[in-house]
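Observations on chain architecture
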Amino acid sequence: MKDEIRANLLDRLAQGRDRFPGMVGFDETVLPQVERALLAGHDIVLLGERGQGKTRLMRSLVELLDEWTPVVAGCEINDHPYAPVCARCRRLAAELGEELPVAWKHRSERYAEKLATPDTSVGDLVGDVDPIKVAQGRTLGDPETIHYGLVPRANRGVVAINELPDLAERIQVSLLNVLEERDIQVRGYLLRLPLDVLLVASANPEDYTNRGRIITPLKDRFGAEVRTHYPLDLTHELSLLSQEAVLRATVPDHLLEVIARFTRLVRESPAVNARSGVSARFAIAAAETVAASALRRAAITGEDPPVARVSDLPSITQTLRGKVEFEPSEEGREQEILTHLLRRATADTFRARLGGLDLSGLLARFEDGRMVMTGELMPAQEVLAQLGPVSGLAQLLRRVGVREESPGLAAAAVEFAMEGLYLNKRLGKEELDGQTVYGR
């Protein structure tokens, strides 16, 4: 089976095809290490903080298997018709010869995944005696009385174990033979069942001290330990957002950039527990929350189509605080910290997108004491009506990446510019009756 993966991986490398669909930001770091491990025929443990794509990477290994593979029909452990290893299939092969029934299994069925929970038993992973088969009259010494666990049932496939340190140490011992001798032992049976599996596990470095550890003999049997990481640059963070977030309203590119920058600032903040990490799911949930806020405004005000604006961003800090583990010394300041980091992300995005752009046309609208009120439930048409004609609006729209004109997108661009001018001390801002008022 590892030869099969090696051949398919080499073929994709030679053709320049995507080897791990859906993986973002690992091309120069993690994936070369995984490829070397697979080419060497090694079992792999992926080590990294939560939300770094470890499970996605494990599941993508299925694409390196042959699309269809022959198995003995009805076999619990997917025996090869030409080389059966279980007692049942050997008996059938001796009785039927060339008439042995064969089925074809798709590669999607050759992947087994187990979340390692403290209540997982040796029987769940390896197997146990089936009392029903014994009750039917078979003797305890009959190998066909065994009920196979997850690992042998995934024979000739990929076995993935999520959060391996959560397995009790005595349960981890049951995997030692699988990784080294490539067989299993069930309750003292004289049973040698050579398994053909690729074992891939994931672990969080924090787990080694908080919840458990990977026992030393098991760590030694993994051929490769690969460290994963969060996206290293902003473009990868944005690509991940675009790929994973399910947005029920239009979220302009500049707001997605604010969310991506905000996520990176939260990860880097000394107020946040770095060992726990800030999952990629944080950014995804933030983008979906901002879109939901715009959808809610559209339903209440009749705005169509719904478009997210800067006034929807505060909803992030209110609903996603539980996704971040803060340092104990910051207790009670969580909301304040997130709000400050969100303002920094908005200011950084403003400078990156609109730095050097002449915004005098927008500032001129405030010279006569005009004020513009906006907010979570303020329709886009009303925001634009308060401003009136803005000189240079088309250039502003281009700089924030708006390719089509609509009241919602225009209001989103103008509101972003006003917030940026406020953060750069060129406009004033105050909260009034739940609304935001910009002015000189």
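Residues numbered from 1 in each chain as written. Predicted model: local features only at pLDDT ≥ 70, side-chain atom pairs only at ≥ 80, totals over all residues. Heavy atoms only, no water.

Leu 241, Ile 259, Phe 262, Leu 313, Leu 362 and Leu 396 are the most contacted members of the largest nonpolar core, which totals 65 residues. The set of elements that each furnish at least two residues to this core consists of α12 (234–244), α13 (253–268), α14 (280–301), α16 (334–354), α17 (360–364), α18 (380–387), α19 (393–399) and α20 (407–423). The residues contacting Leu 396, other than those within four sequence positions of it, are Leu 354, Leu 357, Leu 359, Ala 413, Val 414 and Ala 417. (Core = buried A, V, L, I, M, F, W, Y, C linked by side-chain atoms within 4.5 Å. Buried < 20%, exposed > 50% of the residue type's maximum accessible area, 1.4 Å probe, protein only. Helix = DSSP H or I, 4+ residues; strand = E, 2+ residues; numbered from the N terminus. Contact = heavy atoms within 4.5 Å.)

Relative to each other, α18 and α20 sit at 60°, their axes nearing to 8 Å. With respect to their mutual orientation, α18 and α20 come out oblique. Here α18 and α20 pass one another in a crossing that is left-handed. When α18 is examined against α20, the residues Ala 380, Gln 381, Leu 384 and Leu 387 are found in contact with a partner set consisting of Pro 407, Gly 408, Ala 410, Ala 411 and Val 414. Here the residues of the contact of α18 with α20 sort into seven nonpolar, two polar and no charged. (Axes fitted to C-alpha atoms, helices over the stretch in contact; angles between N-to-C directions. Parallel < 35°, antiparallel > 145°, perpendicular 65-115°, else oblique. Left-handed = near helix turned anticlockwise from the far one by under 90°. Nonpolar A, V, L, I, M, F, W, Y, C, P; charged D, E, K, R; others polar.)

In space, the five strands of this open sheet follow the order β4-β7-β8-β1-β9, with parallel pairing throughout. If you trace the sheet from one side to the other, it starts and ends with β4 (111–115) and β9 (224–227), each paired once. Along the sheet, successive strands turn relative to each other by an average axial angle of 20°, direction set aside. Pairing of strand β1 (residues 44–47) with strand β8 (residues 197–203) involves four bridges; the strand directions are parallel. Residue pairing across strands places Leu 46 opposite Ser 202, the latter belonging to β8. (Pairing = 2+ DSSP bridges.)

This structure, assessed with the given rule, holds 24 salt bridges. The salt bridge partner of Glu 4 is Arg 110, with a shortest N-O separation of 2.9 Å. Note that Glu 4 is positioned in helix α1 (residues 2–15) and Arg 110 in the loop between β3 (102–106) and β4, a separation of 106 residues in sequence. Across the pair, Arg 110 and Glu 4 agree in class, each one buried. One salt bridge connects Arg 267 with Glu 237, and the closest N-O pair in it is separated by 3.0 Å. (Salt bridge = Lys/Arg side-chain N within 4 Å of Asp/Glu carboxyl O.)

It is worth spelling out the sheet that holds strand β12 (residues 435–439) at this point. Judged by pairing direction, the sheet is antiparallel, and its three strands sit side by side in the order β10-β12-β11 without closing on themselves. Edge positions in the open sheet fall to β10 (372–374) and β11 (428–432), since each of these has one partner strand only. Between one strand and the next, the sheet's axes are offset by a mean angle of 25°, whatever the strand orientation. Packing of α20 onto the sheet brings it into contact with β10, β11 and β12, and relative to β12 it is tilted by some 70°.

The next thing to look at is the pairing of β9. Burial along β9 is one-sided: the face carrying Ala 224 and Val 226 is buried and the face carrying Glu 225 and Arg 227 is not. Here β1 runs beside β9; their pairing, made up of four bridges, is parallel. Among the inter-strand pairings, Val 45 is bridged to a residue of β9, identified as Glu 225.

The values reported here are purely geometric and, on their own, carry no functional implication.
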